[in-house]
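Spelled out from the first residue to the last, the chains are:
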Amino acid sequence: MEEAARNSATGTKPLLRVLERERQKIPPVWMMRQAGRYLPEYRAVREKAGSFLDLCFNSKLAAEVTLQPVRRFGFDAAILFSDILVVPLALGRKVEFGAGEGPRLEPLADGEALAALRESIDQEMLVPVYETVAKVKAALDSKTALIGFCGAPWTVATYMVAGEATLDQGPARLFAYRDPDNFEKLIDRLVQASTDYLVGQFNAGAECVQIFDTWAGVLGPEEFMHWCIEPTAKIIKGLRQQVPGAKVIGFPRGVGFQAWRYAKLTGVSAIGFDWTFDRKVIADRFQSELPVQGNVDPVALLAGGAALMREVDDVLKTLGKGPLIFNLGHGILPETPIAHVEEMLKRVRG
Ligand code: CP3
């Protein structure tokens, strides 16, 4: 069937078509962290909102910042504006974002602290997030998809255990080695919480979700299997029991060829790659099985010019022959010039 005819028969959102494994002539584009500080209109709303979490829980303003990059650049998807750390918050942990700093949580040091966690997420608390989803959905045109998200249990646990961002996720790794039974309880709690949270996002109007496993790359093969692959597989299975056919993009950052087992065993609909992964290998080994997403180096986007064009052309040339969602290999950096984003989009769209 011709692409156009199929699209009119089964929906016209290119990103969702790719998740159905259908290559699009021009790949759909979005950027991780596309709503954020590189945009003056984001900084203006952020200032008005108060704290970062105030912004996340103000559905009117959160919907506005979700839509800003879509309006400005015409991205093929909006990604819900929220944060992966609203899940620990909804499990009863203290979470704060200081001005200009990373997150601060009360560290979860032992089994005793675990006992203080809620059994399941406080859905009441998350109502504003679901309202953001519904507001954004109502505002999007017929071409633009709405992506929900959560952090993977491992990545969220690294922040919960350390209480802050760390260089090597040492505190969570130490906890997992020293007290695997309690660490497993924490991961299980996060599996259930994340499943419920994603179901809530789908019910509110999300059309697909991404699971961010930003810190998957620090684990050895056995730990990666146990703390990343298995929990992610459980989330996806539980999600699909309640949302049949739910489309999930997995992003296990920095795991190298361990991505193979992740792709095979988690049930993801598509897999996102960071920029360190050999694109030829992605095309030959992964894209024949699954749609892929990525993977421009965010620093090349910051640099702009010839380096950016080389990077964009390489993604298109190497990955453009199969189902591709064009994206960065990680979030856009706050100091990135808007003109570079425009140049990138022009190159992709011709
Ligand atoms: O992508 C989007 O535009 C949607 C919104 C989104 C945010 N965080 C908003 C945000 C998403 C999808 C996230 C995910 C997230 N949050 C991850 C996984 C993806 C990744 O980038 O690795 C992680 C690890 C977090 C936790 C987190 N949130 C940290 C470590 C920080 C501080 C670092 C920083 O960039 O400031 C945040 C804050 C945060 N989350 C900001 C935004 C726009 C910046 C806060 C601000 O506006 O001051």
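The structure contained in this document is the topic of the report that follows. Sequence order sets the numbering: in each chain, residues are counted from 1 along the sequence as written. Residues qualify for local features only when their pLDDT is at least 70, as the model is predicted, and side-chain atom pairs are given and counted only at 80 or more; totals for whole chains, interfaces and linings, by contrast, use all residues. Only heavy atoms go into the side-chain values, all of them from the structure, while hydrogens and water stay out.

1. Topic: the sheet that holds strand S9 (residues 324-328)
Following DSSP output, two strands are said to pair if at least two bridges run between them. Per the convention used, a helix needs a DSSP run of H or I reaching at least four residues, while a strand needs a run of E reaching at least two, with both numbered from the N terminus. A sheet is described by the order of its strands in space; here seven strands give the open sequence S1-S4-S5-S6-S7-S8-S9, paired in parallel fashion. If you trace the sheet from one side to the other, it starts and ends with strand S1 (77-79) and S9, each paired once. Across the sheet, the mean angle from the axis of one strand to that of its neighbour is 25°, orientation sign disregarded. Relative to strand S7 (residues 270-272), strand S6 (residues 248-252) runs parallel, the two sharing two bridges. Looking across to S7, one finds that Ile249 is bridged to Ala270. Contacts are assigned to residue pairs with any non-hydrogen atoms lying within 4.5 Å of each other. Convention adopted: a line fitted to C-alpha atoms gives each axis, helices being fitted over their contacting stretch, and angles between N-to-C directions are expressed from 0 to 180 degrees. The sheet contacts of helix H11 (residues 180-204) involve strand S4 (145-151) and strand S5 (208-213), and relative to S4 the element is tilted by about 165°.

2. Quick notes on the packing of aromatic side chains
Stacked, tilted and edge-to-face pairs are distinguished by plane angle, under 30 degrees for stacked and over 60 for edge-to-face with tilted covering the rest, among Phe, Tyr and Trp rings (Trp via its six-membered ring) whose centres lie within 6.5 Å. For the structure on display, the rule yields 18 aromatic pairs. Between the aromatic rings of Tyr130 and Tyr197, the centroid separation amounts to 6.2 Å while the plane-to-plane angle is 45°, which identifies the pairing as tilted. Within this pair, whereas Tyr130 is found in helix H8 (residues 123-139), its partner Tyr197 is found in helix H11, the two being separated by 67 residues in sequence. There is no split in this pair, since Tyr130 and Tyr197 are both buried. A ring pair is formed by Phe257 and Trp260, whose centres lie 6.1 Å apart and whose planes are at 15°; its orientation type is stacked. Through a chain of ring-to-ring contacts, three or more aromatic side chains come together here, namely Phe257, Trp260, Phe273, Phe277 and Phe286. Only Lys NZ and Arg CZ are tested; either one counts as a charge over a ring when it is within 6 Å of the ring centre and within 35 degrees of the ring normal. The ring of Trp215 carries Arg253 above its face, with NZ or CZ at 5.0 Å from the centroid. If you follow Arg285 out to its NZ or CZ, it ends over the ring of Trp260, 5.2 Å from the centre. Here the term buried applies to any residue with accessible area under 20% of the maximum for its type, exposed to any over 50%, and partly exposed to those in between, with areas from a 1.4 Å probe on protein chains only.

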